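Here's the letter readout for the chains.
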Amino acid sequence: MKLFPVLLCSLGGLLPLASAAAEVSGEQAYERCAACHMADGSGVPGVFPPLKNRIPALAASAEGRRYLTMVVQNGLMGNIVVEDVSYYGVMPAQSSVYDAKGISVVLNYLAESIDGSQLSSSWQAFTEVEVQQTLLDFAGKAGAQHTAKMRRELFRLHPELK
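As a starting point, this report considers the structure included with it. (Residues numbered from 1 in each chain as written. Predicted model: local features only at pLDDT ≥ 70, side-chain atom pairs only at ≥ 80, totals over all residues. Heavy atoms only, no water.)

### Some points on the pattern of salt bridges
So, point 1. Going through the model one piece at a time under the given rule, you end up with three salt bridges.
So, point 2. Taking the shortest distance from any N to any O, the salt bridge between Lys101 and Glu23 comes out at 2.4 Å. With Lys101 in helix α5 (residues 100–114) and Glu23 in the loop between α1 (3–10) and α2 (26–37), this pair connects stretches of sequence that are 78 residues apart.
So, point 3. For Lys101, a relative accessible area of 23% corresponds to the partly exposed category. (Salt bridge = Lys/Arg side-chain N within 4 Å of Asp/Glu carboxyl O. Helix = DSSP H or I, 4+ residues; strand = E, 2+ residues; numbered from the N terminus. Buried < 20%, exposed > 50% of the residue type's maximum accessible area, 1.4 Å probe, protein only.)

Here it is, written out as structure tokens:
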């Protein structure tokens, strides 16, 4: 039964918050994510998708950057396929944990520390201003189901990211 891993990841809520009020490192901010996606971003096959080897490619387009921001903000639900492995579940919204600065910190940590060897010379770090603008642009479109719709559109526009 896949309920145990969901409960385990829910305990990640006890980990430090990444907000402007409390300056935390990317590694500290990622501890919450690591509860499900593992410290190295490898995930758990069939249960929690890997983040490793994914973020730089997704962040290379404006659509991908908005999608990544909204996954952290709103969560994601439904069936997804990553590296030919199917995942069906729910990633809870992290909007009560990460503000715009926290989202940029955790996404930059993923890209620069976990996937650093994959960064191109054109890599642009996420900024608090960029993330805040995305959150404002999608303010009326909250929810994990909307994020799933963004994912489908992203892969329609950029099939090489699948």
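There's more to say after this.
### What to know about the pairing of strand β1 (residues 76–82)
So, point 1. By the bridge criterion, seven bridges tie β1 to strand β2 (residues 85–91) in an arrangement that is antiparallel. From the neighbouring strand, Gly78 faces β2, where its bridge partner is Gly89.
So, point 2. Linking β1 back to β2 in an antiparallel pair, the connection comprises two residues, with Glu83 at a positive phi of about 50°. (Pairing = 2+ DSSP bridges.)

### Brief notes about α2
So, point 1. Every buried residue of α2 is accounted for by Gly26, Ala29, Tyr30, Arg32, Cys33, Ala34, Cys36 and His37.
So, point 2. Following α2 by one or two positions, Met38 adopts a phi angle in the positive range, close to 75°.

### Some words on the packing of aromatic side chains
So, point 1. Per the counting criterion, the structure on display carries two aromatic pairs.
So, point 2. Aromatic side chains Tyr30 and Tyr109 sit 5.6 Å apart centroid to centroid with 35° between the ring planes, which places their arrangement in the tilted category. Of the two residues, Tyr30 is situated in helix α2 and Tyr109 in helix α5; the sequence distance between them amounts to 79 residues. Both residues of the pair, Tyr30 and Tyr109, belong to the buried class.
So, point 3. For Arg65, the ring lying beneath its charged end belongs to Phe126, and the centroid distance is 4.0 Å. (Phe/Tyr/Trp six-rings, centres within 6.5 Å; stacked < 30°, edge-to-face > 60°. Lys NZ or Arg CZ within 6 Å of the ring centre and 35° of its normal.)

### Observations concerning the packing of helix α4 (residues 62–74) against helix α7 (residues 144–157)
So, point 1. Contact geometry for α4 and α7: axes closest at 9 Å, N-to-C directions at 160°. By the angle between their axes, α4 is roughly antiparallel relative to α7. For the pair α4 and α7, the sense of crossing is left-handed. Contacts between α4 and α7 involve Glu63, Gly64, Arg66, Tyr67, Met70, Val71 and Asn74 from the first element and Ala144, Thr147, Met150, Arg151, Leu154 and Leu157 from the second. (Axes fitted to C-alpha atoms, helices over the stretch in contact; angles between N-to-C directions. Parallel < 35°, antiparallel > 145°, perpendicular 65-115°, else oblique. Left-handed = near helix turned anticlockwise from the far one by under 90°. Contact = heavy atoms within 4.5 Å.)

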